[in-house]
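Here's the letter readout for the chains.
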Amino acid sequence: MTPPPRAPFPKDLDELAPAPLAVKDALRGLRRKLSDVPPGLEAMPSDLLPLSPLALAARLIRETRKIAALGEDIARDVLLHHRDEARLAAFATSGFSKMAGKRDGSFRHDFAASRYAAAKVVLVRLGYPDAFLLEQPIDVSWRALWTRVRSKPRIQNTGDAVDYTIIAETALTLTKSGALAERNTPPTEPTLAQLTFATLGLAEAVLAHSPQPALETVIAALELSADVIGLRKSVISAIFSGFDPEAQLAAEYRLLAPPLAES
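What counts, and at which threshold
- Residues numbered from 1 in each chain as written.
- Predicted model: local features only at pLDDT ≥ 70, side-chain atom pairs only at ≥ 80, totals over all residues.
- Heavy atoms only, no water.
- Helix = DSSP H or I, 4+ residues; strand = E, 2+ residues; numbered from the N terminus.
- Expected span 1.5 Å × (residues − 1).
- Bend = angle between axes of the 7 residues up to and from the residue.
- Buried < 20%, exposed > 50% of the residue type's maximum accessible area, 1.4 Å probe, protein only.
- Contact = heavy atoms within 4.5 Å.
- Phe/Tyr/Trp six-rings, centres within 6.5 Å; stacked < 30°, edge-to-face > 60°.
- Salt bridge = Lys/Arg side-chain N within 4 Å of Asp/Glu carboxyl O.
- Axes fitted to C-alpha atoms, helices over the stretch in contact; angles between N-to-C directions.
- Parallel < 35°, antiparallel > 145°, perpendicular 65-115°, else oblique.
- Nonpolar A, V, L, I, M, F, W, Y, C, P; charged D, E, K, R; others polar.
- Core = buried A, V, L, I, M, F, W, Y, C linked by side-chain atoms within 4.5 Å.
- pLDDT = per-residue confidence, 0-100.

### Comments concerning helix α9 (residues 245-262)
Along its 18 residues, α9 runs 26 Å from first to last C-alpha, staying within 8% of the 26 Å computed at 1.5 Å per residue. Helix geometry: α9 is bent most strongly at L256, by close to 30 degrees, with proline P258 lying one to four residues after it. Looking only at α9, the buried set comprises L249, A250, E252, Y253, L256, A257 and L260. Against the buried residues of α9 lie α5 (164-175), α6 (192-208), α7 (215-231) and α8 (233-240).

### Overview of the packing of aromatic side chains
Counted by the stated rule, this structure contains 6 aromatic pairs. With a centroid separation of 5.4 Å and 65 degrees between ring planes, the pair formed by F96 and F111 is classed as edge-to-face. With F96 in the loop between α2 (53-89) and α3 (105-126) and F111 in helix α3, this residue pair connects regions lying 15 residues apart in the sequence. The exposure class assigned to F96 is buried, which follows from its relative accessible area of 3%. Judged by relative accessible area, F111 falls into the buried class, the value being 0%. Ring centres 6.2 Å apart and planes at 35 degrees place the aromatic pair F96 and W142 in the tilted group. Taken together, the residues F96 in the loop between α2 and α3 and W142 in helix α4 (residues 136-151) connect sequence positions 46 residues apart. Among the residues examined, W142 registers a relative accessible area of 7% and is labelled buried.

### Concerning the pattern of salt bridges
Opposite charge on two side chains allows them to pair when their charged atoms are near. Counted under the stated rule, the structure contains 6 salt bridges. R115 serves as the salt-bridge partner of E204, at 3.2 Å between the closest nitrogen and oxygen. Taken as a pair, E204 in helix α6 and R115 in helix α3 lie far apart in primary sequence, 89 residues in all. Just as E204 is buried, R115 falls in that class too. R232 is the partner of E252 in a salt bridge, and the nearest nitrogen-oxygen pair spans 2.5 Å. Taken together, the residues span a long stretch of sequence, with E252 in helix α9 and R232 in the loop between α7 and α8 at a distance of 20 residues. We classify E252 as buried; its relative accessible area is 7%. Each member of the salt-bridge network shares a partner with another, and the members are R125, E223 and D227.

### Focus: the packing of α8 against α9
Between α8 and α9, the shortest axis-to-axis distance is 8 Å and the interhelical angle comes to 150 degrees. Taken together, the axes of α8 and α9 are roughly antiparallel relative to one another. Contacts between α8 and α9 involve V235, A238, I239 and F240 from the first element and P245, Q248, L249 and E252 from the second. Looking at the contact of α8 with α9 residue by residue, the classes come out as 6 nonpolar, 1 polar and 1 charged.

### With respect to the nonpolar core
F96, L222 and Y253 are the most contacted members of the largest nonpolar core, which totals 58 residues. Those elements that provide at least two residues to this core are α3, α4, α5, α6, α7, α8 and α9. The dominant element in this core, judged by the number of residues it contributes, is α6, at 12 residues. Leave out the neighbours within four places in its chain, and L222 touches L88, F91, A118, V121, V122, T199, L200 and A203.

### A word on the side chain of Q194
Summarising the element assignment, Q194 is placed in helix α6. Beyond its immediate stretch of four places on either side in the chain, Q194 contacts T175 and F240.

### Quick notes on the environment of L88
As for its placement among the helices and strands, L88 is situated in helix α2. Placed 31 residues apart in sequence, L88 and A119 show a C-alpha to C-alpha distance of 9.7 Å. With residues near it in sequence (within four places) discarded, L88 still touches A117, A118, V121, L215, V218, I219 and L222.

### Topic: the confidence of the model for the protein chain
Predicted confidence across the protein chain gives a mean pLDDT of 77, with 63% of residues reaching 70 or more. Looking at the elements of the protein chain, mean pLDDT is at its lowest for helix α1 (residues 19-36), recorded as 61, and at its highest for α6, recorded as 96. Note that residues 4-13 has pLDDT below 50 and, in this model, 4 contacts with residues that lie over four places away or in other chains. Segment residues 40-47: pLDDT under 50, and 10 contacts once partners within four positions in sequence are set aside and those in other chains are kept.

Following this line, the structure appears as structure tokens:
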């Protein structure tokens, strides 16, 4: 019997770049599923513990959840705190409005990692700390945006120091990426993805007015932008459902970012 043909090795190494993020997202999904599993059977004394596959599986799930929770707490306290700080610090300089001179893989990594960390901050501020966010779709969005920006250089005719149009395009692309699962919302309300990534765009526009912002400035910009976008839900909903959301969102950023940067 002839074995099936092997899948061809990717010709472009960029095709392999999302693989680690796919594994990370899969582990995030597994951890989320484990956290949603009901406790199941109560623990029994060892001499009365039934040896049925169902009972053993339930006990294994309980113990796995305990170990995973303990490991996550230790890792976050010891390691992830500093890693998250580095991710957030990169947010201010990793957008396509700041792409001058950045042509290597570090730009792509900083874009995906910083926007994932920033979105987590925004989701907490919006009141959805448990929303399921994926990193690989953000990375895929970077590739699509990079192709468009590189093939169609933008010419600024408005005299703005900040390219609000490309920030708006980034926000719209991330909204459609599938990085954030949609929730049931009324037709007149923006989705959680729209709120979150519109907030990231506003924060990016605010930080573009701040030279070399510190980590505290980045966090403050994200939280302040989340508050402002939360107050303007009706406007955001109208923009995303409008005729030209990119131009309208860019105009919204042009209106809000300068006074927020001054504050």
